[in-house]
Every structure is written in structure tokens, then in C-alpha cells.
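Residue strings, one per chain:
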Amino acid sequence: MNSDSILTVGSIAIDWLEMPDGTEGEVLGGSATYFVLAASQFAPVHIVGVVGSDFPQEGHDLFKTHAANLDDLQVVEGKTFRWGGRYHENWENRTTLFTELGVFGDFKPTISQGNRSCPLVFLANIQPSLQLDVLSQIESPRLVITDTMNLWIDTALDDLKEVIAKTDILLLNDNEAEMLTGLTDSEGAGRELCRQGPKSVIVKLGSSGALLVEEERTVPVAAYKIEDIVDPTGAGDSFAGGLVGALAAGESLIDSLITGSAIASFSVEGFGPSGLYNSDKDELAQRISCIRNLS
Ligand code: AMP
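Calculation rules
Residues numbered from 1 in each chain as written. Predicted model: local features only at pLDDT ≥ 70, side-chain atom pairs only at ≥ 80, totals over all residues. Heavy atoms only, no water. Pairing = 2+ DSSP bridges. Helix = DSSP H or I, 4+ residues; strand = E, 2+ residues; numbered from the N terminus. Axes fitted to C-alpha atoms, helices over the stretch in contact; angles between N-to-C directions. Contact = heavy atoms within 4.5 Å. Buried < 20%, exposed > 50% of the residue type's maximum accessible area, 1.4 Å probe, protein only. Polar contact = N/O pair within 3.5 Å; in protein donor to acceptor, adjacent residues only side chain to side chain. Salt bridge = Lys/Arg side-chain N within 4 Å of Asp/Glu carboxyl O.

Chemist: Is there a simple way to think about the sheet that holds strand E8 (residues 120–123) in this case?
Modeler: Strands pair in a sheet through their backbones, by hydrogen bonds, and they do so in one of two ways: parallel or antiparallel. Within the open sheet, the nine strands sit side by side as E5-E4-E1-E8-E9-E10-E11-E12-E13. Their pairing is mixed. Two strands lie at the open edges of the sheet, namely strand E5 (73–75) and strand E13 (218–221), each paired on one side alone. Pairs of neighbouring strands in the sheet enclose a mean axial angle of 15 degrees, with direction left out of account. Of the strands in this sheet, strand E10 (169–173) and strand E11 (200–204) are in contact with helix H6 (residues 174–181), which crosses E10 at around 105 degrees.

Chemist: For this particular structure, what's the right way to read helix H3 (residues 128–136)?
Modeler: Each turn of an α-helix holds 3.6 residues, which means side chains three or four residues apart point in the same direction. Regarding H3, the residues found buried are Pro128, Leu130, Gln131, Leu132, Val134 and Leu135. Of the surrounding elements, those touching the buried residues of H3 are strand E1 (6–9), strand E4 (45–51), E8, strand E9 (143–147), helix H4 (150–155) and helix H5 (157–165).

Chemist: Teacher, can you tell me more about the side chain of Ser267 here?
Modeler: Relative to the elements of secondary structure, Ser267 occurs in helix H9 (residues 253–267). A relative accessible area of 0% means that Ser267 is categorised as buried. Polar side-chain contacts of Ser267 include one of 3.1 Å to the side chain of Ser238. Residues within four places of Ser267 in sequence aside, it is in contact with Tyr34, Asp231, Thr233, Gly234, Ala235, Ser238, Gly272, Gly275 and Leu276.

Chemist: Would you explain the pattern of salt bridges in this entry?
Modeler: Applying the stated criterion across every chain yields a total of 13 salt bridges. With a shortest N-O distance of 3.3 Å, Asp147 and Lys204 are connected by a salt bridge. Placement of the pair is Asp147 in strand E9 and Lys204 in strand E11, with a sequence separation of 57 residues. For Asp147, a relative accessible area of 2% corresponds to the buried category. The closest approach of N and O atoms between Glu214 and Arg217, which form a salt bridge, is 2.7 Å. Residue classification places Arg217 among the partly exposed positions, given a relative accessible area of 34%. Among the ionic contacts, a cluster of salt bridges with common partners joins Glu26, Asp54 and Arg82.

Chemist: Explain the pairing of E4 here, please?
Modeler: Every regular strand shows the same layout, with side chains that alternate between the two sheet faces. By the criterion of burial, E4 is predominantly enclosed, with seven of the seven residues buried. With burial as the criterion, each face of E4 is covered, one bearing Val45, Ile47, Gly49 and Val51 and the other bearing His46, Val48 and Val50. Taken together, the four bridges between E1 and E4 define a ladder with parallel strand orientation. Paired with Ile6 across the strands is Val45, a residue of E4.

Chemist: What is the right way to read the pairing of E10 from this model?
Modeler: With four of five residues buried, E10 is to be regarded as a mostly interior element. In terms of strand pairing, E9 meets E10 through three bridges, oriented parallel. Among the inter-strand pairings, Thr146 is bridged to a residue of E10, identified as Leu170.

Next comes the structure, spelled out in C-alpha cells:
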């Protein structure tokens, strides 16, 4: 693989999921988990995170197989991060049933020397204070890409604003963009956020795709429509994985966004992260060309 390396920090979780069709169950989850499965298809991914003593073997195997190294993945006594979500009838909106930080609550990452020089840093969704801590330990990253969620806008806004100021490419969904700016139109919100630090803001629009907003241009990117969605969890993290992975492999930002959109479509086809295992090269290329024609 001739791609640049990516360092990421994000949640590694055990999720409880409830779907509108009655499907429910416990699966591996977390922003970093979806991200590594997606991004490692294109570039080496170095993972920063923590799991508890209850983390299943299946999860350890996943990281062993897909992460470039496990030097900064801590295993400590205690409970792994847990999140529960119940989807509404439209299969897009969801209610958080619980968020238990567990061992993430007092996680103090110390990035190993070898991982400090990764040129691309993806700050996946996790407490902004932790995103800042990790970022402060990386030696002059070339590109900092950040994702977040409504919980941190509500509970850690000052830290989040500091993260945004240090970010090159910000990813967030349309509701979060509105929460941060008070603006209901995604383009206006994106442009306002560009004034706060990032060069590029990517507003995710669920099944409608995404909007890239920069000072000088606004570019819509379509979604690859999946008729029979099994589970939308992790679509945003998988989108980010495809995007950052393709950037690390040297693709342009627009091409990388299209790759992100295509990878996200695999994610929603399986319960938990299982859909990402089906993204074979031919099918990925076909979805990429379909999105390119639609965008
Ligand atoms: P997405 O559907 O892309 O928003 O990501 C879903 C994943 O985010 C789930 O697997 C959860 O474990 C994880 N998650 C949910 N809430 C949080 C949170 N507050 N911080 C970090 N990760 C979270």
C-alpha cells in the first residue's frame, strides 16, 4: 500500500441497537471501529483508544486485522464504552437510549513515538477534550479531519470550538451544523463554520448525500441509494473512513468524498459493522461511478 498513514482516535464500543422492523441486538460499534474498517481498505490506520476487560475477542481480532499497529490501543480493567440507539420509523433519526463512557471517562492517551508522525489525523467522534489531547501530541500533521456529534455541542462546546479551530476538514450532519451556527440552510452554516478554522466543511445529509462547502465553492455529493437498509449506524464514520482513506491514497477531495459516499452505502447493508466486510473492489468501483454520474 503506497498511501500515507492515518492516526485516529475515537470511540470503541459495544452498541445496543433497535431497528424499526424489530431487529435488535448487541454488536461491536464505535466511531473508530467503523472508521478503521472503512479506511484500512485504502491506507494504514493507527488507532488510539481504550477498551475494558469486557471487550470481546471478536473486537480484539477486528483491530488486530485492520489496524496498522495496536501500540496506542489500551486494554484496562473496567467497562468498555457502551451506547444504545433506537431508530425511528424513517430509519434515519434515532434516539440515544444510553451513553456510558466506561473506560473512556478517564482515558489519558500517550501516543507512542512511532505514531506521532502520521501525516493525516482523523479525530473521530469522542469527547472534544480527548480529541485535543491527541492532537497536541502529533508532530505537525499535514491534514486534520474532525467529526463530532450533538452530545458534544450540548455538553462540551468550548472544547469543541477549540478543536474546530485546529481542523482542516470538518465533518458534521445538517442538524449539528444548525446547532453550531443557528443557520438552517446547510450551505450558509457550512460557510459560517469555514470562518471558524476549517478550510472545508462537509455537511452530511443522510440518504441525500453530503455538501462540501468552502469559501469559494459548494459541491453536492450524492448518496448511493440502498433500498433495503438493515442498520444506518456507523454510516457517518464509514463515510469518513472512505473519505480519509482515499485522501491518504492521494485522491482529490471530491473523488475522496465520492469514495466515502460509496463506502457508507456498504455500511448500512449489514447489522453493526458487518456490511463493511462486503465492500469488494468491483462493487465499490461500480458504486463510485454511479455516484459520480449522480453528483
Ligand atoms: P454514526 O451512526 O456514524 O453517528 O456512529 C455510530 C457510532 O457512534 C456507534 O457505534 C456508537 O458507539 C458511537 N457513538 C455514539 N455516541 C457516541 C459518543 N457520544 N461519543 C463517541 N461515540 C459515540
